[in-house]
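Breakdown of the fold
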Amino acid sequence: MYRINELYVYPIKSMGGISLKSARLTDTGFAFDRYWMLVDSNRKCLTQREFPIMALFQVQFIAEGIKVRFNDTAVAIPNTTTTTSTMECRIWEDTVWAVEVSGEVSKWFSKHLGQQVRLVCMAPNSVRYVKRHAPSKVHFPDSSPYLVVGEAALGYLNEKNNSPIPMDRFRPNIVFQGGAPHDEDTWQTIQIGNCNFENTKACARCTVITIDQKTGKQGEEPLLRLSKYRLQDRKILFGQYFKVVQNFGEWIRVGDTLDVLKRKEPLSP
């Protein structure tokens, strides 16, 4: 039996996540997941790949939106913006229309990151589709709406690693317990509560998993260790992406059972 053990949402792309007891499913992921992102002066997305310090910005929900803390300062960010001027922003190979939250919020982030940046959200009429899975949509994650990782996969990694790696390095949305390491590789469709999910692709890992999310310091692990046994087609795979195919607006909760409805061929060892 598989059971949901942790749920996470990351309101601002590449910044601190929020642990949840329950989460509402939308057609773009958990509500407010990667709803905002930072862009540089060329309107290109910023991530921990280039700026590990982004791990140290901690995010929490408040009544009117979110609050972001960095050291001893904080800024409140509303869920809605009155800005109407749109700009084209790049997130990897995609171009989307976005709006700046506010000049003051952007100045706060620029000060702490040491360069001019803007905090943006998706423009009302802009749509970003999941590659090869339209009409499924996303806001600003790297790929698909829901990243699923098993505790057994992390446990197997830590048996091989010199020091334990925490789950927060992998920035999952849904963490489950039960089964063998990397069972999720074999899942085509799953059900959690009343909601059905379909696999979209395996998650190819980058240098973000080498960044300590508590200190912002970067090393070689666990990327080097994973390359010894999770390398396929020159990509290091850990976790699986899913989309919702039924019952948007439903909630899933820690403790819910996860049922596998259809399996596929596992990845090669």
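Predicted model only: the values in this text are computed from it and were never measured.

1. Focus: the layout of surface pockets
A volume near 1000 Å³ is recorded for the largest pocket. Among the elements that make up the lining of the largest pocket, the one with the highest residue count is strand β17 (residues 195-204) (5 residues). Here the lining of the largest pocket is composed, by residue class, of 17 nonpolar, 8 polar and 17 charged. Here the second largest pocket is characterised by a volume of approximately 200 Å³. Lining the second largest pocket are 15 residues; nearest its centre among them are Met-122, Ala-123, Pro-124, Ser-126 and His-139. Looking at the lining of the second largest pocket, the elements that each hand over two or more residues are β11 (118-122) and β13 (137-138). Its residues assigned to classes, the lining of the second largest pocket shows 8 nonpolar, 5 polar and 2 charged.

2. Re the sheet that holds strand β10 (residues 94-100)
Ordered in space as β5-β11-β10-β9, the 4 strands form an open sheet in which the pairing is antiparallel. If you trace the sheet from one side to the other, it starts and ends with β5 (36-39) and β9 (86-91), each paired once. With direction set aside, neighbouring strand axes in the sheet form an average angle of 50 degrees. As defined by bridge partners, β5 adjoins β11 across 4 bridges and the pair is classed as antiparallel. Looking at the pairing, Val-39 lines up with Arg-118 of β11. Across the sheet, helix α1 (residues 103-113) is in contact with β5, β10 and β11; its angle to β11 comes to roughly 130 degrees.

3. Quick notes on the packing of aromatic side chains
Taken as a whole and assessed by the stated rule, the structure comprises 16 aromatic pairs. For the ring pair Phe-32 and Trp-36, a centre distance of 6.1 Å and an interplane angle of 10 degrees mean the geometry is stacked. Overall, the relative accessible area of 1% leaves Trp-36 in the buried class. One Lys or Arg, Lys-160, reaches over the ring of Tyr-229 and ends 5.2 Å from the middle of that ring.

4. Re the nonpolar core
Formed by 45 residues in total, the largest nonpolar core has its most connected members in Val-68, Ile-77, Phe-109, Ile-174 and Phe-197. Those residues in contact with Ile-77, other than ones at most four positions away along the chain, are Ile-12, Trp-36, Glu-64, Gly-65, Ile-66, Val-68, Val-101, Val-105, Phe-109 and Leu-119. Ranked by size, the runner-up nonpolar core spans 19 residues in total, among them Tyr-8, Ile-165, Leu-226 and Ile-236.

5. Considerations on helix α2 (residues 151-160)
Buried within α2 are the following residues: Ala-153, Leu-154 and Leu-157. In an axial view of α2, the angular spread of the buried residues amounts to 95 degrees, which keeps them on one side of the axis. Lining the buried residues of α2 we find β14 (146-150), α3 (223-226) and β19 (235-246).

6. Some details on the sheet that holds strand β4 (residues 29-30)
Here we have 3 strands laid out as an open sheet, ordered β4-β3-β20, and antiparallel in their pairing. Looking at which strands have only one partner, the edges of the open sheet turn out to be β4 and β20 (251-253).

7. Let's talk about the pairing of strand β15 (residues 174-177)
Of the pairings in the sheet, the one linking strand β1 (residues 2-9) to β15 comprises 4 bridges and is antiparallel in character. The partner of Glu-6 across the bridge, within β15, is Val-175. Where β14 lies against β15, 3 bridges are found, and the strand directions are parallel. Paired with Val-149 across the strands is Val-175, a residue of β15. Since β14 and β15 lie parallel, the crossover through α2 that links them has a hand, and here it is right-handed.

8. Things to note about unusual backbone geometry
Pro-135 follows Ala-134 through a cis peptide bond whose omega is 15 degrees. Position of Pro-135 relative to the elements: it lies in the loop between β12 (128-129) and β13. Omega for the bond connecting Glu-221 with Pro-222 falls within 30 degrees of zero, at 10 degrees, which places this linkage in the cis form. Topologically, Pro-222 is positioned in the loop between β17 and α3. Phi is positive for Phe-32, close to 70 degrees, though the residue is something other than glycine. By the element assignment, Phe-32 lies in the loop between β4 and β5. We classify Phe-32 as partly exposed; its relative accessible area is 26%. The phi dihedral of Trp-92 falls on the positive side, at around 55 degrees, and the residue is not glycine.

What counts, and where the lines are drawn
- Just so you know, the residues in each chain are numbered from 1, in the order the chain's sequence is written.
- Only residues with pLDDT of at least 70 are given local features in this predicted model, and only at 80 or more are side-chain atom pairs given and counted; all residues enter the totals for whole chains, interfaces and linings.
- The side-chain quantities take in all heavy atoms of the structure and omit both hydrogens and water.
- We place a 1 Å grid over just the protein atoms. Points where a 1.4 Å probe fits but has no way out form a cavity, open points with protein on both sides within 12 Å along at least 5 of 7 lines form a pocket, and any residue with an atom within 4 Å of a point lines it.
- Grid points are joined across faces, edges and corners, and a volume is the space filled by probe spheres set on the points.
- Helix numbering and strand numbering both begin at the N terminus, where a helix is a DSSP run of H or I of at least 4 residues and a strand a DSSP run of E of at least 2.
- Basically, the charged four are Asp, Glu, Lys and Arg, the nonpolar ten are Ala, Val, Leu, Ile, Met, Phe, Trp, Tyr, Cys and Pro, and anything else, Gly included, counts as polar.
- At least two DSSP bridges between two strands are required for those strands to pair.
- Axes here mean lines fitted to C-alpha atoms, for a helix over just the part in contact, with angles spanning 0 to 180 degrees between N-to-C directions.
- Here, residues are in contact when the closest pair of their heavy atoms is within 4.5 Å.
- Stacked, tilted and edge-to-face are the three classes applied to pairs of Phe, Tyr and Trp rings, where Trp contributes its six-membered ring and a pair requires centres within 6.5 Å; stacked means planes under 30 degrees apart, edge-to-face means over 60, and tilted covers the rest.
- Exposure classes here rest on a 1.4 Å probe applied to the protein chains alone. A residue is buried below 20% of its type maximum, exposed above 50%, and partly exposed in between.
- Charge over a ring is defined by NZ of Lys or CZ of Arg lying within 6 Å of the ring centre and within 35 degrees of the ring normal.
- Buried Ala, Val, Leu, Ile, Met, Phe, Trp, Tyr and Cys residues that are joined via side-chain atoms within 4.5 Å together make up what is termed a nonpolar core.
- It is the directions from the helix axis to the C-beta atoms whose arc is reported.
- Here is how to tell: hold the view so the strands point away, follow the path from the first strand over the helix to the second, and if it runs clockwise the crossover is right-handed.

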